[in-house]
Amino acid sequence: MQTTDGKTLAPTSPLELAFQLQRAHMAASSAAERKQRGQVFTPPEVCRFMAGLFTHIPTHFRLLDPGAGVGSLTAAMCERIAKLRTPRQVELHLYETDPRLTPHLYRVIEECRKLLQASGHSLSAQLYNEDFILANASTMGEAGLLFGDDSERADGFDAVIMNPPYFKLAKDSEYTRLLPQIIHGQPNIYTLFMATGAELLRPDGEMVAITPRSFCSGLYFRAFRRWFFRRMGLRRAHLFQSRKDIFREAGILQESLITLTTRLGHHPKEVALSTSCGRDDLIGSATFLLPSSEIFDDSSRQLVIRLPENPIDAEIMWQVESWPKDFSKRGLRISTGPVVSFRARQFLRHTYDAASMIPLLLDGSVRRFETVWPPPHDGKPCALKVTAKCERLLLPAKNYVLLRRFSAKEERRRLTASCLLAARFPAAHVALENHLNYVYHAARELSEDETYGLTALFNSLLLDRYFRTLSGNTQVNATEIRTMPFPDLETLADIGRRVRQLQDISPEEIEELVLTTLGIEGQIRRRLLAEAGR
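Residues numbered from 1 in each chain as written. Predicted model: local features only at pLDDT ≥ 70, side-chain atom pairs only at ≥ 80, totals over all residues. Heavy atoms only, no water.

Pulling in residues and values, what's your account of the overall build of the chain?
Secondary structure summary: the chain contains 17 helices and 22 strands in total. At 26 Å, the chain has a C-alpha radius of gyration in line with the 24 Å of a compact globule built from 534 residues. For the C-alpha atoms alone, the extent of the chain along its principal axes is close to 80 × 60 × 50 Å. A separation threshold of at least 6 residues defines the contact pool for the chain, and within that pool the share at least 24 residues apart is 76%. Surface accessibility of the chain: about 23000 Å² in total, with carbon and sulfur atoms responsible for 49%. (Helix = DSSP H or I, 4+ residues; strand = E, 2+ residues; numbered from the N terminus. Rg over C-alpha atoms; globule rule 2.2 N^0.38 Å. Contact = heavy atoms within 4.5 Å. Areas by Shrake-Rupley, 256 points an atom, 1.4 Å probe, with all protein chains shown as cover.)

Tell me what's going on with the environment of Leu-127, and back it up with residues and numbers.
By the secondary structure assignment, Leu-127 is in strand 3 (residues 122–128). The class of Leu-127 is buried, set by a relative accessible area of 15%. Through-space distance from the C-alpha of Leu-127 to that of Leu-384 is 58 Å; in sequence the pair is 257 residues apart. Beyond its immediate sequence surroundings of up to four residues, Leu-127 is in contact with Leu-94, Leu-105, Tyr-106 and Ile-109. (Buried < 20%, exposed > 50% of the residue type's maximum accessible area, 1.4 Å probe, protein only.)

Now, about the pairing of strand 9 (residues 287–291): what can you tell me, with residues and values included?
On any regular strand, side chains alternate: one points to one face of the sheet, the next to the other face. A one-sided burial pattern is seen for strand 9, the buried positions being Phe-288 and Leu-290 and the unburied ones Thr-287, Leu-289 and Pro-291. Strand direction decides the pairing type here: strand 8 (residues 270–276) and strand 9, joined by five bridges, are antiparallel. Each bridged residue has a counterpart across the sheet, and for Ser-274 the counterpart in strand 9 is Thr-287. (Pairing = 2+ DSSP bridges.)

Please provide a residue-by-residue account of the packing of helix 3 (residues 44–51) against helix 4 (residues 72–82), values included.
For the pair helix 3 and helix 4, interaxial distance at closest approach is 8 Å and the crossing angle is 55°. Accordingly, the angle class assigned to the pair helix 3 and helix 4 is oblique. Considering how the two elements wind past one another, helix 3 and helix 4 form a crossing that is right-handed. Here helix 3 contributes Cys-47, Arg-48, Met-50 and Ala-51 to the contact with helix 4, which in turn contributes Ser-72, Leu-73, Ala-76, Met-77, Glu-79 and Arg-80. (Axes fitted to C-alpha atoms, helices over the stretch in contact; angles between N-to-C directions. Parallel < 35°, antiparallel > 145°, perpendicular 65-115°, else oblique. Left-handed = near helix turned anticlockwise from the far one by under 90°.)

If you had to explain helix 3 to someone new, which residues and values would you point to?
Counted residue by residue, helix 3 has six buried out of eight residues, so it is predominantly covered. Among the residues making up helix 3, those that are buried are Pro-44, Val-46, Cys-47, Phe-49, Met-50 and Ala-51. On its buried face, helix 3 sits against helix 1 (14–28), helix 4, strand 4 (157–162), strand 5 (201–212), strand 6 (232–240) and strand 7 (256–263).

Could you give an account of the sheet that holds strand 17 (residues 395–396), with specific residues and numbers?
What the five strands build is an open sheet, ordered 14-16-15-20-17; its pairing is mixed. The open sheet has two free edges, formed respectively by strand 14 (348–349) and strand 17, since each of these has just one partner strand. The pairing of strand 15 (residues 357–361) with strand 20 (residues 429–432) spans two bridges and is parallel. Bridge assignment links Leu-360 to a residue of strand 20, and that residue is Ala-431.

Give me the pattern of salt bridges: which residues, what numbers.
All told, the structure shown has 28 salt bridges when counted by the stated rule. For Arg-243, the salt bridge goes to Glu-255, with nearest N and O atoms at 3.2 Å. Of this pair, Arg-243 sits in the loop between strand 6 and strand 7 while Glu-255 sits in the loop between strand 6 and strand 7, and the two are twelve residues apart along the sequence. What makes Arg-243 buried here is its relative accessible area of 5%. Asp-297 is paired through a salt bridge with Arg-306; the nearest N and O atoms lie 3.7 Å apart. According to the relative accessible area criterion, Arg-306 is buried, its value standing at 4%. Sharing partners across several salt bridges, the network here consists of Glu-448, Asp-449, Asp-494, Arg-497, Arg-498 and Arg-500. (Salt bridge = Lys/Arg side-chain N within 4 Å of Asp/Glu carboxyl O.)

Summarise the packing of aromatic side chains; cite the residues concerned and give the values.
In the structure shown here, the tally under the stated rule is 15 aromatic pairs. Considering the side-chain rings of Tyr-400 and Tyr-438, the 5.4 Å spacing of their centres and the 80° angle between planes classify their relative orientation as edge-to-face. Taken together, the positions of Tyr-400 in strand 18 (residues 400–404) and Tyr-438 in strand 21 (residues 436–441) put the pair 38 residues apart, joining distant regions of the chain. Taken individually, Tyr-400 and Tyr-438 each receive the classification buried, so the pair is uniform in this respect. Among the aromatic residues, those joined into a ring-pair cluster are Tyr-166, Tyr-190, Phe-215, Phe-221, Phe-224, Phe-228, Phe-229 and Phe-296. The aromatic ring of Phe-157 is capped on one face by Arg-62, whose charged end is 4.4 Å from the ring centroid. (Phe/Tyr/Trp six-rings, centres within 6.5 Å; stacked < 30°, edge-to-face > 60°. Lys NZ or Arg CZ within 6 Å of the ring centre and 35° of its normal.)

Listed below in structure tokens is the structure:
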């Protein structure tokens, strides 16, 4: 805390001290150093919120903080315990590998000790300057608890609180070899922290974690989801609408999620969900309940975790899932553009010659309904030189729906689609960069009405809000689209015919047309039309 003249005041609590030490460390270290360690510090508001989620603090309380940093999360827990009337014996176990943080961590723990003692409690602490996952490798072998017996452990923890490091691991990493049953593709270390923490809990022990939301869907995390939720029951999830606000001091942009899970072996009947814009409006964020069976969807054998932001999004989820067939069963297919720019660099051109080249479409070519080519002079390639070596990168120019694979970090909409119509395209073939997905029919060419109708649905808030319940990534994965429910092609063609008659393809017009054709009324309609008009 600082006065108006810039002088630093003495901290008044362990958490305030931890926050001062966070800022001191960030000033003394580079962003590159912190990124290499996956080091992101938890803001005080988030620490207090997370500490408040635990539902049971027994008389003898064993707490694990596996990525302790300067001790912010532990400090928040101790401040909560200090307010309890019945004396608690608190036993802390903290892991931190950065030697520069160790002195800070000792200072914070000492302040926690003083606070608890003054409040009639006691504290003992064990600090480990070693890697949390590797240090607990003995429990993770074939004969260990991780893949073996799940009986109660006398030394299990009552609670785990964590903000684990975030970085991708190489496939041959020593970490991934420890946990082969939950690893697929290129894993992220935060899921290994979650798995190890879960394994060290006693039955009915609780874990509160702030992590990226990415583990909730996608092929890379499917094995982890199955492993983790066979052991842990999801009781609470808190979403943040802003990707940049939570860790704004560090400039981190990601979709973050706070979860409360319990070592149950089964799921609670209901999950409490809440949402805030960022960290400043955490307190008082509204909570609503949904059955666990509606949060976990294993119909496509992906075990996707759906997280609607509010009751209206839950109604949208129910409405969309009333459509009887999914995208693939409607005869539709989605693929990723085959041109990878850095691999095809020798064929890329910045000017177009119809005699020897074909048009190249990039993600910037896709606007709402409109495929822009040639592009404005933005320094990016617009054509592909045709040679025998690059023929496999060419697609016949047909009626396609083009879908951006990536959205900007704070972009309001996740889905942006345009029509590519063969009759209006200047060449017989087209090259699509791999930042685009393209939608087509498995057995025939899409009609122009179907193309417009699909594009309208993808550009609607209805489908965008549904997609956000499934995915916490800025990337639009083809796997997620393939398993989404979809209206029949006759209805989509009807939408397309109506779109083509519009004079103004505005967001409001498209939303009203889609909702009317699909027969969606009531609160969903009112909310989506109001939002489309903003």
